[in-house]
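Take a look at the letters that make up each chain.
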Amino acid sequence: MNRLNALRGRGSWGGASLRRFSRSTTATLLCVVVAGYVALGVASSGALFEGPSVRVFLQYLATPILIGLAQMAALCVGQLNLAVGALGGFTACLTGVLMADHGMPAAAAVIVGLLTATAIGLVTGLVIVATQINGFIVTLATMTILLGAQYRLTGTRTVDGYSPTLRDLGTAAPLNIPLVFVTALVAAALLAAFMYRTVAGRRLLAAGGNPLAARLSGISTDRQIVAAHTLSGLLIGVAAVTATASLPGVNRSVGGDWLLPSFAAPIIGGVALTGGSIAVFGTVLAAFVTRLIDAARAQFSLDPSWVNLLIGLVVLGTVAGGRLHQTRLGKTGGTAAPPAEGGKQPPAVLPQPGGAR
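Thresholds, definitions, all that
- One numbering rule holds for all chains: residues counted from 1, following each sequence as written.
- With the structure being a predicted model, the display of local features is reserved for residues of pLDDT at least 70 and the display and counting of side-chain atom pairs for 80 or more, all residues being used for whole-chain, interface and lining totals.
- Excluding hydrogens and water, the side-chain values take into account all heavy atoms of the structure.
- Put simply, DSSP H or I for four residues or longer makes a helix, DSSP E for two residues or longer makes a strand, and each gets a number counted from the N terminus.
- For each residue, the accessible area found with a 1.4 Å probe, counting protein chains only, is set against the maximum for its type, and the residue is called buried under 20%, exposed over 50%, and partly exposed in between.
- In this description, contact between two residues means that some pair of their heavy atoms is separated by no more than 4.5 Å.
- Computed with a 1.4 Å probe, the accessible areas rest on the Shrake-Rupley method; for each residue, only the protein chains presented here act as cover.
- Fitted lines through C-alpha atoms serve as axes, helices being fitted only where they are in contact, and the angles separating the N-to-C directions of these axes extend from 0 to 180 degrees.
- In what follows, roughly perpendicular refers to angles from 65 to 115 degrees, roughly parallel to angles under 35, roughly antiparallel to angles over 145, and oblique to any angle outside these ranges.
- We call a crossing left-handed when the near helix sits turned anticlockwise from the far one by less than a right angle, and right-handed when that turn is clockwise.
- Three categories are distinguished: nonpolar for Ala, Val, Leu, Ile, Met, Phe, Trp, Tyr, Cys and Pro, charged for Asp, Glu, Lys and Arg, and polar for the others, with Gly belonging to the last.
- Centres within 6.5 Å are what make two rings of Phe, Tyr or Trp a pair, Trp counting through its six-membered ring; a difference in plane orientation under 30 degrees is then read as stacked, over 60 as edge-to-face, and the rest as tilted.
- Think of it as a cone above the ring: NZ of Lys or CZ of Arg counts as a charge over the ring if it is within 6 Å of the ring centre and within 35 degrees of the ring normal.
- To estimate how far a helix should reach, multiply one less than its number of residues by 1.5 Å.
- The nonpolar core is taken to be a set of buried Ala, Val, Leu, Ile, Met, Phe, Trp, Tyr and Cys residues, with the residues joined through side-chain atoms within 4.5 Å.
- Within this document, salt bridges are pairs made up of a side-chain nitrogen of Lys or Arg and a carboxyl oxygen of Asp or Glu, the two lying within 4 Å of each other.

Novice: What am I meant to see in the overall build of the chain here?
Specialist: On a plain count of helices and strands, the chain comes out with 15 helices and 0 strands. The buried share of the chain, reckoned over its 357 residues, is 46%. Within the chain, contacts between residues at least 6 apart in sequence are counted, and of these 78% link residues at least 24 apart. By element, 66% of the accessible surface of the chain is carried by carbon and sulfur atoms, the whole surface being about 17,100 Å².

Structure, rendered in structure tokens:
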């Protein structure tokens, strides 16, 4: 009898979870992704379902996923990172120049690129905390500096004489699944595990969700801001490495079109601009949607400006809808805390010993 009651309880819990998921942003995006891909496949007379087309589609999906995750890392503490594209472009050019001009082995160049991007993210966070200047201004200044540094590295040339091994890894696709796409999915899984399963990740969400309560609980919000920008820099470094491996060459244009997609993926995926929530799976699916839009542009020979217009309108509509929802909750006496992945609420503030700044 007890076992029967336990099974009924599990079934009831599973049904409730399924109903919550069906009403979530993630479920909506999943339906849009499936329907959109099928529609494009039918419009292309089945060409999009063939192995080579699937490989190309997924290969150029890796970068939107990674830069969306990088922006999400900053958004989870209520920060913005306008330097996503500039840092990614600079890191990609630095990696390529180290290999092509200085003969550095691919593994060493990749490590230097990752460490450089992470260090720049760390310095950005430290400057924000030390000066108490809005992160928008600091990352805008960082973007300007890095654009100049990127031009200094490459000038007007395209650097393409780097490691064939890295190129082979960038184009490798066992069973038509590119390794760079697998890398992006692994990064997403590790980020989700870090945010949901570790104390450090929960502190980030706590500091973003309610900074005052976090400080009263002994969590240093300043440290969380530094940690978020450092994590964002690391993810941008991974995106830069995958881009370097996938592209035929790197130049000053790399990263120039990353900023809008970096915001589009997490915002459409369900991440709040106010901080305190993440949506890893939603961000991945939203990046898939933006890639579908880009594929439709290529397939139907649309003007590229229409793609940016459409993505911009979707982002604006998502933000406006979220704001309207929060306003309605406030009027009805509900809680306006943004949901995390899969409709979960952000974790409660962790009580910690000691004070915090």
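Novice: Where do I start with helix H3 (residues 51-59) in this structure?
Specialist: Helical periodicity: at 3.6 residues per turn, an α-helix aligns residues three or four positions apart in one direction. Those residues of H3 not exposed but buried are Phe 57, Leu 58 and Gln 59. Those residues of H3 that are buried lie in contact with helix H2 (25-43), helix H4 (62-75), helix H8 (164-171), helix H9 (179-197), helix H12 (221-246) and helix H14 (280-299).

Novice: So what exactly am I meant to see when it comes to the packing of H4 against H9 here?
Specialist: In a packed pair of helices, the relevant descriptors are the angle between the two axes and the axis-to-axis distance. Look at H4 against H9: their axes get within 8 Å of each other, and the N-to-C directions meet at 20°. Classified by the angle between their axes, H4 and H9 sit roughly parallel to one another. Judged by the twist between their axes, the crossing of H4 over H9 is left-handed. Facing Ala 62, Ile 65, Leu 66, Leu 69 and Met 72 of H4, the residues of H9 in contact are Val 180, Phe 181, Ala 184, Leu 185, Ala 187, Ala 188 and Leu 191. Considering only residue class, the contact of H4 with H9 consists of 12 nonpolar, no polar and no charged.

Novice: Just checking my understanding: could you explain the packing of aromatic side chains for this structure?
Specialist: Aromatic rings considered in pairs are described by the distance between their centres and by the relative angle of their planes. Scanning the model with the defined rule gives 4 aromatic pairs in all. Between the aromatic rings of Tyr 37 and Phe 49, the centroid separation amounts to 5.9 Å while the plane-to-plane angle is 50°, which identifies the pairing as tilted. Linking Tyr 37 in helix H2 with Phe 49 in the loop between H2 and H3, this pair joins segments that are 12 residues apart in sequence. Ring centres of Tyr 37 and Phe 288 lie 6.4 Å apart, and the angle between their planes is 75°; this geometry places the pair in the edge-to-face category. In this pair, Tyr 37 is assigned in helix H2 and Phe 288 in helix H14, connecting sequence segments 251 residues apart. Note on accessibility: Tyr 37 and Phe 288 belong to one class, buried. Taken together, the ring pairs connect Tyr 37, Phe 49, Phe 57 and Phe 288 into an aromatic cluster. Taking NZ or CZ as reference, Arg 167 lies 4.4 Å from the ring centre of Tyr 162, over its face. Above the ring of Phe 57, the side-chain terminus of Arg 291 is found at 4.9 Å from the ring centroid.

Novice: Which parts of the structure should I look at to understand H14?
Specialist: The terminal C-alpha atoms of H14 lie 29 Å apart, and with 20 residues this matches the ideal 28 Å at 1.5 Å per residue to within 8%. Most of H14 is tucked away: 15 of the 20 residues are buried. The first or second residue beyond H14 is Ser 301, which carries a positive phi of 55°.

Novice: Honestly, the nonpolar core in this entry has me stumped. Any pointers?
Specialist: Generally speaking, nonpolar side chains in soluble globular proteins are found buried as a group. Ranked by size, the top nonpolar core spans 86 residues in total, and within it Phe 57, Leu 61, Ile 65, Leu 69 and Leu 235 carry the most contacts. Looking at which element gives the most residues to this core, the answer is H14, with 11 residues. The contact partners of Phe 57, leaving out residues within four places of it in the chain, are Tyr 37, Phe 288, Arg 291, Leu 292 and Ala 295. Counting 5 residues, the second largest nonpolar core, distinct from the first, contains Ile 128, Val 129, Ile 225 and Val 226.

Novice: Just to check I follow, could you spell out the pattern of salt bridges for this structure?
Specialist: Any two side chains of opposite charge can pair, given that their charged atoms come close. Here the structure, examined in full by the defined rule, presents 3 salt bridges. The salt bridge partner of Asp 294 is Arg 291, with a shortest N-O separation of 3.6 Å. Of this pair, Asp 294 and Arg 291 both sit in helix H14, 3 residues apart, which is roughly one turn of the helix. Its salt-bridge partner being Arg 297, residue Asp 294 comes within 3.3 Å of it at the nearest N-O pair. Of this pair, Asp 294 and Arg 297 are both found in helix H14, 3 residues apart, which corresponds to roughly one turn of the helix. Looking at Asp 294, the relative accessible area reads 30%, which means it is partly exposed. A single salt-bridge network, built from bridges that share partners, covers Arg 291, Asp 294 and Arg 297.

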